Amino acid sequence: MSASREKKNRQEVAASGVVDPKTARQAQEQAKERRSNRLYAIIAIAFVVVAIGLVVWNSNIIQRGTTAVTVEGESYSAAEVSYYYHNAYNSIVNSNYVSLYGIDKNTALSQQSLNDTAKMMLGVSEDMTWDAYFRDAAKKSLIQLTMLKKGAAEKGLTFDDDMQKEIDSTLETFSTYAKKAGYSTSAYLKLMYGNNMTMSTFKSILKDTVLASHYQQDYIDSLTYTDEEVETYYNEHKNNFDVADYEYIYFKGTADSTKDADGNTVQPTDEENAAAKEAASANANAALEAVRNGLLMEKAADNYDNGTYTDRPTGTYSGDAVTEWVFNAERQEGDLTLIESGDNYYVVLFHSRGRNDYNTVDVRHILFKVDTSDLDSKADDYQEKLDARKAEQKEAAEAALKKWEEGARTEDSFAELANELSADTGSNTKGGLYTEVYKGQMVTEFNDWCFDESRQPGDTGIVYNEGSYTGYHVIYFVGTDAPYWQVQVRNAMKNADYTQWNNALVKDITATEASGMKYLV
């Protein structure tokens, strides 16, 4: 059959609706090829999706963005919960009492339970792991944050430039700490708050917390009390505010531990402790008699190896055996006694009791801080560089004071300079103002300048200090303020009222865990 005839026949067959076997085979093969191509394409796309998924997963984008907790309809990601989890953890491990809490940094927190001391200090009644405790602490923080944010919104409190200035300062400080620790800022964030933490999340958290804290402060600032209310509260809680002038000699009634030949600690025997207590009792009674006969307390203590003298010109009430006696309302000047407390003895001499009647002060200041974050203290040129920076900041402080003196020379003009120049984040949005400053609140040099007896409103000066930081303070003395005892009482009243307000704010509010809790790191 000719080719033309075969073609014609195929056309006729096709027209009649019958499928030509050759055409059918060709169509099947073409369809199979198309399916194979689609399959390969699908497989290729699947591999790409899996690859992208692995990249996304390894970057923690999914984990940190997954909702871990919801409070009152507001969702919080695993990264946000991790922040408050680690905040609670850091507050424990960086506290002065970390040894009492008993946390082992080398053991998973889910494998460690709170010891009895930790439970007592933290007010925990039930047995729980440290991981469970920090999770619970994070949820409580988020409940409070949520309700404070809602309160701020209802009051119309919005984020402003001063709040942003606070955040910028916090970020700058955080970056400084990171640098000192030898980390990049992003790496330090993860070290402090977990692998889910990013700078954008951190900034968002800071924005929320700053807004919430301003709402808190607005409420606290709204609390006012009359002089009569303050006086009444003081009279009902005198022990919390009074200070007492007294001396005592402490006689230890237990024997010291010793070391054996191998350097191991050997605890004293019952017989040794009994002998030590007997000696302490005898020495305490002898010292008591000597003081009654006119010997000074300090001199009396010098006669005994186990007698330790302490002078308390402004002692406060603590509830122990000594202060219970000292703060008794019947106490009179010159009262002398012997107190047995446990295995120990105290000879106590009472002089006086009263409240802090001195006036607090209001001041403005401009801080010029010497930045040493990028200096190597072990380098040969460290002191040279440090001295140069000190000189630079001293010159800046002197220039600021001169600028004020050549200007309007008013408190307002000083406040403007403080907002412009001060490195103190606690006051550089408030004109450098600190009110009701009490003795010992500020660094020594600052304190001594403010409480100089010759100080007058409008006085200015520059003081230099070293310690937790090095810097120069340009100070403007505004004047005296309320007596310190009144400040103490009002603050106590505010704390009590704030606690009641905050408890009511979060009462019956719960945090619901979501799937993202498994991504806490």
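Residues numbered from 1 in each chain as written. Predicted model: local features only at pLDDT ≥ 70, side-chain atom pairs only at ≥ 80, totals over all residues. Heavy atoms only, no water.

Pairing within the open sheet is antiparallel, and its four strands lie in the order β10-β9-β12-β11. What marks the edges here is a single partner per strand, and that holds for β10 (433-437) and β11 (460-465). Here the average twist between neighbouring strands, direction ignored, is 35°. Taken together, the three bridges between strand β9 (residues 359-369) and β10 define a ladder with antiparallel strand orientation. Paired with V361 across the bridge in β10 is V437. Here helix α16 (residues 382-405) sits on the sheet and contacts β9, β11 and β12 (471-483); the angle it forms with β12, its principal contact strand, is near 50°. Of the strands in this sheet, β9, β10 and β12 are in contact with helix α19 (residues 484-506), which crosses β12 at around 85°. (Pairing = 2+ DSSP bridges. Helix = DSSP H or I, 4+ residues; strand = E, 2+ residues; numbered from the N terminus. Axes fitted to C-alpha atoms, helices over the stretch in contact; angles between N-to-C directions. Contact = heavy atoms within 4.5 Å.)

The next thing to look at is the pattern of salt bridges. Pairs may arise between side chains of opposite charge once their charged atoms sit close together. Considering all chains together, one arrives at 22 salt bridges under this definition. For D136, the salt bridge goes to K140, with nearest N and O atoms at 3.4 Å. On the criterion of helical spacing, the pair formed by D136 and K140 is a turn pair, its members being four residues apart in helix α7 (residues 130-155). Note that K390 is salt-bridged to E466, the shortest N-O span being 2.8 Å. In this pair, K390 sits in helix α16 while E466 sits in the loop between β11 and β12, placing the two residues 76 residues apart along the sequence. On the basis of relative accessible area, K390 is assigned to the buried category, the value being 15%. Counted as one network, the salt bridges with shared partners bring together E74, K149 and D208. (Salt bridge = Lys/Arg side-chain N within 4 Å of Asp/Glu carboxyl O. Buried < 20%, exposed > 50% of the residue type's maximum accessible area, 1.4 Å probe, protein only.)

Time to look at the environment of E324. Relative to the helices and strands, E324 is located in helix α15 (residues 321-326). In this structure, the C-alpha to C-alpha distance between E324 and N239, residues 85 residues apart in sequence, is 9.5 Å. In this structure, E324 is in contact with Y317 and G319, ignoring residues within four places of it in sequence.

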